[in-house]
Amino acid sequence: MVAVNNRMKDLYDELCASGRPGRLGKVFKTERNYYFLDTGTGKVACLKENVYKVLKCFMQSDSCEDLKELDLNDEEIDSAINEIKEAVKAEHILSAPVLKTLTGSAVTHLKETLESGVENVTLEVTEKCNLRCKYCIYNPSHKEYREFGRRDMSWDTAKKAIDLLINHSKDAEQVHIGFYGGEPLLNFGLIKQAVEYAKRNFKEITFAMTTNAALVTDEIAEYLLQNDFDIIVSLDGPEDIHDANRITVEGTGSFHKTVAGAKILLNTQNRLGKQSKISFNMVVSGPDYDENYNKIQQFLEHEDWIPKGIMVLTASVDHGPKDSEYFIPQSTQEREFTDGSYDPLNEWDLNYRREMKNSNEKKGLFSDGVMDKGMLIIHKRLLSEYPVKAYGMNGCCVPGQRRIYVTVDGKFLLCEKVGNIPDIGNVDTGFDFEGIQKLYVDDFIDNAKEYCKDCWAVNLCTMCYVNCYDQEGPHFSYRHNSCRNERLYLENNLVRYHIALEENPEELMEYNEKGFR
């Protein structure tokens, strides 16, 4: 039987004294180099291969017995241990404190923030829709299925929601109203009422709407763009991809109607001299992701009516929350469970850029916006000389601050993405401060800390309240798959960022000026 190197065992035991070593950091590699991300400080170190192998063994081991699998001789191990110990002393790595709770503005300033710092209300102006998209939450196939309703939001409800924004936003840096559905243009009259009322009551305010564009007319486009709306058009790509999921009530494709509306919007934008007010949201379904991504790229390049560099938001189909088993991050169980997992957009983007580099071609890709967000997470990560003493609430907002989603009947939800979860108030009684504190602060922390304490990505995490609640409250078995996907996403971005750092570090300077959208 192979014996474990004594110095390696001693260091492993030291790291285990405060919990599983895998919580302390993550190794990753590019084609050129080996790296280690330290959880506590956010520092990334470039490693020799033997140091990489030792740290990888530490991070992934379930017990001391796993150390026997390391394929290094004693001299190589001793050299690696020396370097690691020197780095612990000089750089304060591998020293992240044990996570006992989570904190942030939702913990320290919840009531004050909601009293005067609310930034956004998004109005569900109607439950009606002129389409029957197959992946929509209103489709019977969706796990969070909500039957299509016939209700429109009343002016009384909309006015009360805007009044709440007026009364609770005096310290907000910016104020914003969004319009959502259903298809919001089915209640365009209410939208106009809300805009005129808001403009009379705010010195500065911005508006936004998500639409399938099939109902857009010259009059509607003129009104929206004269009022500086940011407009997200739901267009999934070329006709065959779009019409595979985005169908009308009659069951026919909606591509030509959406394109007609989008063209009206873009032509009006150009005529009025507006800049970058219109973007596309594309939901892409599998299994032929590469083929679909290629078609989307070609579509955006070859359709003359589409402006070069238009912002594109893209995601795969969200089938709703699903229970899944928890595995400790970096454990054998998790590695076996996730073996073969990949992010199709990330892989497509890397391969496409490699081909462009080989042919000396430079152009924008529809994936640029998504990739920029990932690069920003790494570029603007928490970075300190010494390990942080407190851990934030992942990517959770202060509930009700950044956005209040107001349903047609006046209930407040955290946002339009959360599905059927407990509300946080309503237009008649305002915020339910006690309910928010219990459900979305105290209960969230009590549940999350049991899993976040073992996660190397805790200080990079962008996970929020989506997919971790049901109608009664926290339901964290919904979250485990999302957490695994988040770690894969973050690891991919660590690799992508450091490839750029190796090949063209000047390119990364642009992220100093960019912010999250």
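Residues numbered from 1 in each chain as written. Predicted model: local features only at pLDDT ≥ 70, side-chain atom pairs only at ≥ 80, totals over all residues. Heavy atoms only, no water.

### Looking at the overall build of the protein chain
This is how it is decided: Under the DSSP-based scheme used, a helix requires at least four consecutive residues in state H or I and a strand at least two consecutive residues in state E, with every element numbered from the N terminus. Atoms counted for the radius of gyration: C-alpha only. Globule rule: 2.2 Å times residue count to the power 0.38. The buried label applies to any residue whose accessible area, calculated with a 1.4 Å probe on protein chains only, is under 20% of its type's maximum; exposed applies above 50%, and partly exposed to all values in between. Accessible areas in this description were obtained via Shrake-Rupley with a 1.4 Å probe; residue shielding takes into account the shown protein chains only. Positive charges come from Lys and Arg, negative ones from Asp and Glu, while His and the chain ends are left out of the count. Charge positions come from single atoms, namely NZ of Lys, CZ of Arg, CG of Asp or CD of Glu.
If you tally the helices and strands in the protein chain, you get 16 helices and 13 strands. Computed over the C-alpha atoms, the radius of gyration of the protein chain is 25 Å, within 12% of the 24 Å expected from 2.2 N^0.38 for a compact globule of 517 residues. Considering only C-alpha atoms, the protein chain reaches an extent of 75 × 60 × 40 Å along its principal axes. Here the protein chain holds 517 residues, and 52% of them are scored as buried. Summed over all atoms, the accessible surface of the protein chain reaches about 24600 Å², with 47% contributed by carbon and sulfur. Distance from the positive charge centre (62 side chains) to the negative charge centre (84 side chains) of the protein chain: 3 Å.

### Observations concerning the side chain of E486
Where we set the bar: Here, a salt bridge means any side-chain nitrogen of Lys or Arg that lies within 4 Å of a carboxyl oxygen of Asp or Glu. The contact criterion used is simple: two residues touch if any of their non-hydrogen atoms lie within 4.5 Å.
Mapped onto the elements of the fold, E486 is located in helix α16 (residues 480-503). No salt bridge forms around the buried E486; measuring N to O, its nearest opposite-charge neighbour K373 is 7.7 Å away. Apart from the residues within four sequence positions on either side, E486 is in contact with L460, C461, T462 and M463.

### Quick look at the packing of helix α11 (residues 289-302) against helix α13 (residues 344-358)
Here is the rule: Only the stretch in contact is used when fitting a helix axis, every axis being a line fitted to C-alpha atoms; angles between N-to-C directions are given from 0 to 180 degrees. Working definition: roughly parallel below 35 degrees, roughly antiparallel above 145 degrees, roughly perpendicular at 65 to 115 degrees, and oblique for all remaining angles. Handedness of each helix crossing follows the sense of rotation of the near helix against the far helix: counterclockwise by less than a right angle gives left-handed, clockwise gives right-handed. Here the nonpolar group is Ala, Val, Leu, Ile, Met, Phe, Trp, Tyr, Cys and Pro; Asp, Glu, Lys and Arg are the charged ones; every other residue, Gly included, is treated as polar.
Interhelical geometry of α11 versus α13 gives an angle of 60° and a closest axis separation of 10 Å. Accordingly, the angle class assigned to the pair α11 and α13 is oblique. Where α11 crosses over α13, the two elements pack in a sense that is right-handed. Contacts from Y289, D290, Y293, N294, Q297 and E301 of α11 reach α13 at P344, L345, W348 and Y352. Taken together, the residues of the contact of α11 with α13 sort by class into six nonpolar, two polar and two charged.

### What to know about the sheet that holds strand β8 (residues 278-284)
Heads up, the condition is: Criterion used throughout: strands pair if DSSP finds at least two bridges between them.
In space, the eight strands of this open sheet follow the order β9-β8-β7-β6-β5-β4-β10-β11, with mixed pairing throughout. The open sheet is flanked by β9 (312-316) and β11 (412-413), the only strands paired with a single partner. Note that strand β10 (residues 404-406) and β11 share two bridges and pair antiparallel. Its bridge partner lying in β11, Y405 is registered against L413. Helix α6 (residues 155-167) contacts β4 (120-124), β5 (176-180), β10 and β11 of the sheet and is inclined by roughly 170° relative to β4.

### Let's talk about the pattern of salt bridges
Here the structure, examined in full by the defined rule, presents 34 salt bridges. With a shortest N-O distance of 3.7 Å, R151 and D409 are connected by a salt bridge. Pair noted here: R151 is in the loop between β4 and α6 and D409 is in the loop between β10 and β11, with a separation of 258 residues, a long-range link. Residues E301 and K363 are paired through a salt bridge, measuring 2.7 Å at the closest nitrogen-oxygen approach. In this pair, E301 sits in helix α11 while K363 sits in the loop between α13 and α14 (368-379), placing the two residues 62 residues apart along the sequence. Overall, K363 belongs to the partly exposed group, its relative accessible area being 28%. Through salt bridges with shared partners, one network takes in D349, R353, D368 and R496.

### Some details on the pairing of strand β3 (residues 44-47)
Pairing geometry for strand β2 (residues 34-38) and β3, over four bridges, is antiparallel. Among the inter-strand pairings, Y35 is bridged to a residue of β3, identified as C46.

### With respect to the environment of I377
In this structure, I377 sits in helix α14. According to the relative accessible area criterion, I377 is buried, its value standing at 7%.

### A closer look at the packing of helix α1 (residues 6-16) against helix α2 (residues 49-60)
Put simply, α1 and α2 touch, their axes get as near as 11 Å, and they point 45° apart. As judged from the angle between their axes, α1 and α2 are oblique. α1 and α2 meet at a crossing whose hand is right-handed. The segment α1 lies against α2, with M8, L11, Y12 and L15 engaging V54, C57 and F58. Each residue belonging to the contact of α1 with α2 can be placed in one class, and the counts come to seven nonpolar, no polar and no charged.

### Things to note about the nonpolar core
Let me state the cut-off plainly: Joining through side-chain atoms within 4.5 Å is the link that ties buried Ala, Val, Leu, Ile, Met, Phe, Trp, Tyr and Cys residues into a set, and such a set is a nonpolar core.
Counting 127 residues, the largest nonpolar core has F58, L123, I177, F179, F280 and F444 as its most contacted members. The element best represented in this core is helix α15 (residues 433-452), accounting for eight residues. For I177, the residues in contact, after removing those within four places along its chain, are V121, L123, I162, L165, A198, I205, T206, F207 and A208. F28, L37, I378 and L508 belong to the second-largest nonpolar core, a separate cluster that totals 19 residues.

### Structural notes on the pairing of β9
This is how the line gets drawn: When the strands point away from the viewer, a crossover counts as right-handed if the path from the first strand over the helix to the second runs clockwise.
Pairing analysis gives five bridges linking β8 to β9, with the strands arranged parallel. Within β9, the residue paired with M282 across the bridge is T314. This β-α-β element, β8 to α11 to β9, shows right-handed connectivity.

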